[in-house]
Amino acid sequence: MYDSISGGLAMHVFLMFSSFLCVWGFFCCCFFVLFWVVFCFCRNINQVKAENETRISEFLLLGFSEEQELQPLLFGLFLSMYLVTVLGNLLIFLATISDSHLHTPMYFFLSNLSFVDICFASTTVPKMLVNIQTQSKVITYAGCITQMCFFVLFIVLDSLLLTVMAYDRFVAICHPLHYTVIMNPQLCGLLILMSWITSVLNSMLQSLMTLQLSFCADLEIPHFFCELNEMIHLACSDTFVNNMVMYFAAVLLDGGPLIGILYSYCRIVSSIRAISSTQGKYKAFSTCASHLLVVSIFYGTGLGVYLSSTMTQNSHSTTVASVMYTVVTPMLNPFIYSLRNKDIKGALTQFFRGKQ
């Protein structure tokens, strides 16, 4: 009787926690919409523009290096990394869809992560390759805002998906008997939907606020893509509200998920330590090792970019550090999830055999 009561209580607690995740996402969406309405209202009342400000039409992406002899090397390097990223994540995506054995919450979230990683890399790398090949640094104003919009969208979506995947592993390891009940298809779909809605609204808010900024003479972006922080620094109008919203969104949509991931893995480690057999501990840890490595790379490189930008004034080092989480991390994810995963290996083998 006590087991049934404790089991029902655990199920109730985790269903409540799942509902909390959805409510948290809805709260984020409402906040962004409400803040944008208030911001537009206040700006319309107090809108003041200098007479010498002109409507700019393009920016210059300075990229990595201006040395001509390095351009073919950079082009070949980033083209190879981009092709590996797209092909690897596409194979993971197709394998999880085609194999019925992988139609589980864990691989459902993994297929979404692979799709987002393809979009994430495609937001920045193709334009950089075109600029290197044509020896042009120009990007139009509309193109820059569009690139920034999609970059913010997919980087936040990446963070939220990693959090959802951590919650999935948390339920699977800490409460395996209730896993299928808690992680039902409706909840999985709702978590993905709320992640997309939150990311889209945040991206729209950041982009629309950037459109309100005025830019003067300095149109050089010391980066290989239009990054939100660099755009705000280039503006010659007041950027206090933009900075406030940018940092608040970073704390809410990056710091919040990170705290959730750390909490999930603290509980996972406690549950693994309670397992008596060594084989059981290894099996439990192997189910979340790949995700833990991806999370470490994603947040580790992001933190490295932040520290390099705050501690040094060298924009080149910040640009190089940005490559890690914009290009290298999406490229490594398929290898991390497939090399030690027998299910993915089997699905890929079956996929290629079916094509022959």
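Up top you'll find the structure we're talking about.
Residues numbered from 1 in each chain as written. Predicted model: local features only at pLDDT ≥ 70, side-chain atom pairs only at ≥ 80, totals over all residues. Heavy atoms only, no water.

Caption draft 1: Main features of the overall build of the protein. Secondary structure summary: the protein contains eleven helices and three strands in total. The 356 residues of the protein split such that 47% are buried. Expressed as a percentage of contacts within the protein between residues at least 6 apart in sequence, the contacts between residues at least 24 apart total 81%. In the structure as shown, the protein presents an accessible area of about 18,400 Å², 69% of it carried by carbon and sulfur atoms. (Helix = DSSP H or I, 4+ residues; strand = E, 2+ residues; numbered from the N terminus. Buried < 20%, exposed > 50% of the residue type's maximum accessible area, 1.4 Å probe, protein only. Contact = heavy atoms within 4.5 Å. Areas by Shrake-Rupley, 256 points an atom, 1.4 Å probe, with all protein chains shown as cover.)

Caption draft 2: Layout of the sheet that holds strand β3 (residues 220-221). Ordered by their spatial adjacency, three strands build an open sheet running β2-β1-β3, and the pairing between neighbours is mixed. Two strands in the sheet have a free side with no partner beyond their single neighbour: β2 (138-140) and β3. Here strand β1 (residues 58-61) runs beside β3; their pairing, made up of two bridges, is parallel. For leucine 60, the partnering residue across the bridge sits in β3 and is glutamate 220. (Pairing = 2+ DSSP bridges.)

Caption draft 3: Structural detail: the packing of aromatic side chains. Tallying each qualifying case throughout the model produces 13 aromatic pairs. With a centroid separation of 6.1 Å and an interplanar angle of 25 degrees, the aromatic rings of phenylalanine 59 and tyrosine 141 are classed as stacked. Pair noted here: phenylalanine 59 is in strand β1 and tyrosine 141 is in helix α4 (residues 141-174), with a separation of 82 residues, a long-range link. Both residues of the pair, phenylalanine 59 and tyrosine 141, belong to the buried class. Ring centres 6.5 Å apart and planes at 70 degrees place the aromatic pair tyrosine 141 and phenylalanine 215 in the edge-to-face group. Remark: phenylalanine 215 occurs in the loop between α6 (185-211) and β3 and tyrosine 141 occurs in helix α4; sequence separation between them is 74 residues. When its relative accessible area of 2% is taken as the criterion, phenylalanine 215 is described as buried. Ring pairing ties together the aromatic residues Phe120, Phe151, Phe224 and Phe225, which thus form one cluster. (Phe/Tyr/Trp six-rings, centres within 6.5 Å; stacked < 30°, edge-to-face > 60°.)

Caption draft 4: Molecular detail of unusual backbone geometry. Positive phi, normally seen in glycine, also occurs at glutamine 135, with a value near 55 degrees. Mapping glutamine 135 onto the fold places it in the loop between α3 (105-134) and β2.

Caption draft 5: Summary view of the state of the cysteines. Inspection of the entire model under this criterion finds one disulfide. Note on cysteine connectivity: cysteine 144 is disulfide-linked to cysteine 226, with sulfurs 2.0 Å apart. Looking along the S-S bond of the cysteine 144-cysteine 226 disulfide, the torsion reads about -120 degrees, which is the left-handed sense. Note that cysteine 144 is positioned in helix α4 and cysteine 226 in the loop between β3 and α7 (228-234), a separation of 82 residues in sequence. (Disulfide = S-S within 2.5 Å.)

Caption draft 6: Broad picture of the packing of α4 against α6. Two elements in contact, α4 and α6, have axes separated by 8 Å at closest approach and are oriented at 150 degrees. One finds that α4 runs roughly antiparallel with respect to α6. The hand of the α4/α6 crossing is right-handed. Tallied by class, residues from the contact of α4 with α6 come to 19 nonpolar, eight polar and no charged. (Axes fitted to C-alpha atoms, helices over the stretch in contact; angles between N-to-C directions. Parallel < 35°, antiparallel > 145°, perpendicular 65-115°, else oblique. Left-handed = near helix turned anticlockwise from the far one by under 90°. Nonpolar A, V, L, I, M, F, W, Y, C, P; charged D, E, K, R; others polar.)

Caption draft 7: Fine view of a nonpolar patch on the surface. Judged by side-chain polarity, Val200, Met204, Leu208 and Leu211 come together as a nonpolar surface patch covering roughly 270 Å² of accessible area. By the element assignment, leucine 208 lies in helix α6. (Patch = residues over 30% accessible without salt bridge, like charges linked within 9 Å, V, L, I, M, F, W, Y side chains within 5 Å. Salt bridge = Lys/Arg side-chain N within 4 Å of Asp/Glu carboxyl O.)

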